[in-house]
Amino acid sequence: MNYTELTYINLISDCLNGRSAREIDFENLDEALFVALCKAHSNVTVIYSAMKDANGIPDSFMDVMKQGFMTFVMRYSKKNNFASLVSQKMDDNSIKHLIFKGPSIAQDYPAAELRTMGDIDFLINQEDYSKAKQLMEEMGAELDESQTDSKVLFYKLNDNSIEIHTSLAHDQNMSGKVDYDEYFNDAFEHMIDVDDRHYLEAQYQFIYVLYHMAQHFYYAGCGVRMVTDVAVIIDKHSDEFDWEYIAGELEKLGLSDFSKAVFTLCDKWFGIKANTDYSIDDELAEEFGKYVLYSGLFGRENFDKDVSQMKKNDQYTKSKKGSTIRWAFPPYKYMRESSPWFKNKPAILLPVAYVERFMRNARKRGGAVEWGQKMARNQTKLKNHEEMIEKLGLS
C-alpha cells in the first residue's frame with residue numbers, strides 16, 4: 001500500500017479500536033485519492049471520527065471532512081427514525097417482520113451513526129406480501145415497479161428507499177451450486193428483539209453478512225465498508241460465537257475460502273481476529289485487499305452495471321459464465337419480473353419486449369454506440385473479476 005491507502009485503512013482501524021489520534025504527514029497524502037476512497041466506500045463518518053483529533057491536517061481539509069460527516073450523521077438519523085416508523089406500522093398491522101443489513105449492523109459499530117446506510121431492508125413472510133404493499137401505499141410510498149417482483153417490494157418515500165423482502169437470498173444463488181434461498185428460509189426462527197426492534201441474532205446475521213458480501217463480490221465486487229461490517233461483528237460478538245459451527249456452515253455454503261480472505265483483511269487492516277482458521281496465501285491476501293480497496297462500495301468501480309447484470313442472468317439459464325446473448329435476450333421469467341411494460345404480457349410479445357428494453361437502456365446510457373463501446377471495454381475487467389472469483393472459491 002502507498003501512504004495514502006495505508007493512512008485511510010489505519011484511520012478506520014483507529015476508529016474501531018478506540019485508539020488515540022495519530023500524526024498524519026499531509027504533504028505525503030494524496031488528497032484527491034483519499035477523498036475518492038471515502039466517497040467510493042461511503043465511510044467518511046468512520047474516517048472523520050478518527051481523523052478529527054489527528055495532527056498535521058489543514059483546517060480547510062478538516063472542514064470538508066466534517067461537512068461530509070455531519071451530512072451522513074443527519075442522514076442516518078432520518079433513516080433510522082424512518083425505519084422505526086415503518087417497523088411500528090408493521091407491528092400495528094400484525095405484519096411479522098425484522099430489519100436486516102444496515103440498521104442492524106450499525107448496532108455493532110462504536111456508535112451506530114458511524115455506519116452509513118442506503119436502502120432500509122425489511123424481511124416479512126410471503127403471506128404478508130399484500131398486507132405490506134397495502135400499508136406502504138397507505139403511507140404514501142411510491143412503488144418502483146422496475147425492481148419489484150413477486151418476492152420483493154421496492155418503495156420510495158421522503159428520500160428513503162425501502163426494500164421489503166420475503167426471502168433473505170431471493171434469486172441470489174451465485175454459481176448455482178448452493179440454494180441460499182432455501183438455507184436462509186428459517187430466518188424468523190433466529191429473530192431477536194432489541195429496544196422494540198426485530199433483528200437477526202448475531203451469529204445468524206454474521207453468516208448472512210458473509211453470504212451477502214460474497215454475493216456482491218460475485219456479481220460486481222465489494223468494498224471496504226463490508227469488510228468493516230464483518231470486523232465490527234467479530235469484535236463485538238466473537239466470544240459468544242460457536243466458531244466451529246460457523247466454519248462448518250461456511251463450508252456447507254461454499255463460502256469458506258472467501259470468508260478466510262475476508263477474515264484475513266479484518267486482521268491485517270484492523271487487527272481484529274476471527275477465532276477460526278483463516279490462513280490464506282499472502283499474495284492472494286494482498287491481491288484481494290487491493291481489489292476491495294478499489295472496488296467501491298458494491299463493486300461499482302470495477303465495471304459497468306450491465307456486465308454485472310449478465311452474471312445475474314446466468315441464474316435463469318443455469319449457465320456458468322456470462323453471455324452477451326443471454327444478457328441482451330434474457331428469459332421470459334426475467335423479462336416479466338424486470339420490465340414494467342411486459343409484466344402481465346404473454347410470451348408471444350417477448351420480441352417486442354426486447355426491442356422496448358433495448359431502446360430504454362440505450363437512452364439511459366448515452367446512445368447505442370457509446371453503450372457498445374463501454375461494454376467492449378468492460379470485457380477485460382470482467383475476465384480479471386472471474387479470475388478473482390475462482391481464486392476465492394466462488395466459481
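Here's a quick rundown of the structure.

Reading the values: rules and limits
Residues numbered from 1 in each chain as written. Predicted model: local features only at pLDDT ≥ 70, side-chain atom pairs only at ≥ 80, totals over all residues. Heavy atoms only, no water. Phe/Tyr/Trp six-rings, centres within 6.5 Å; stacked < 30°, edge-to-face > 60°. Buried < 20%, exposed > 50% of the residue type's maximum accessible area, 1.4 Å probe, protein only. Lys NZ or Arg CZ within 6 Å of the ring centre and 35° of its normal. Helix = DSSP H or I, 4+ residues; strand = E, 2+ residues; numbered from the N terminus. Polar contact = N/O pair within 3.5 Å; in protein donor to acceptor, adjacent residues only side chain to side chain. Contact = heavy atoms within 4.5 Å. Pairing = 2+ DSSP bridges. Axes fitted to C-alpha atoms, helices over the stretch in contact; angles between N-to-C directions.

### Focus on the packing of aromatic side chains
- Overall, the coordinates contain 24 aromatic pairs when judged by the stated rule.
- For the pair Phe-241 and Trp-243, a centre-to-centre distance of 5.7 Å together with 65° between the ring planes defines the contact as edge-to-face. For the residue pair Phe-241 and Trp-243, the accessibility class agrees, reading buried in each case.
- When the ring centre of Phe-72 is taken as reference, the NZ or CZ atom of Arg-75 above it lies at 4.8 Å.

### Focus: the side chain of Glu-249
- Residue position: Glu-249 is located in helix H10 (residues 243-252).
- Classification of Glu-249 as buried rests on a relative accessible area of 9%.
- Only 2.6 Å separates the side chain of Glu-249 from the side chain of Tyr-183, close enough to count as a polar contact.
- There is a polar contact of 3.0 Å between the side chain of Glu-249 and the side chain of Lys-252.
- Sequence-distant contacts of Glu-249, defined by excluding residues within four places in its chain, comprise Tyr-183 and Ile-207.

### Let's talk about the sheet that holds strand E5 (residues 160-165)
- Across the sheet, which stays open at both edges, the five strands sit in the order E1-E2-E5-E4-E3 with mixed pairing between neighbours. The strands lining the two open edges of the sheet, one partner per strand, are strand E1 (97-100) and strand E3 (142-143).
- Looking at chain direction, strand E2 (residues 120-124) and E5 are connected through four bridges and run parallel. The residue of E5 that forms the bridge with Phe-122 is Ile-164.
- Its contacts with the sheet put helix H4 (residues 59-92) on E1, E2, strand E4 (152-157) and E5, and the angle it makes with E2 is roughly 20°.

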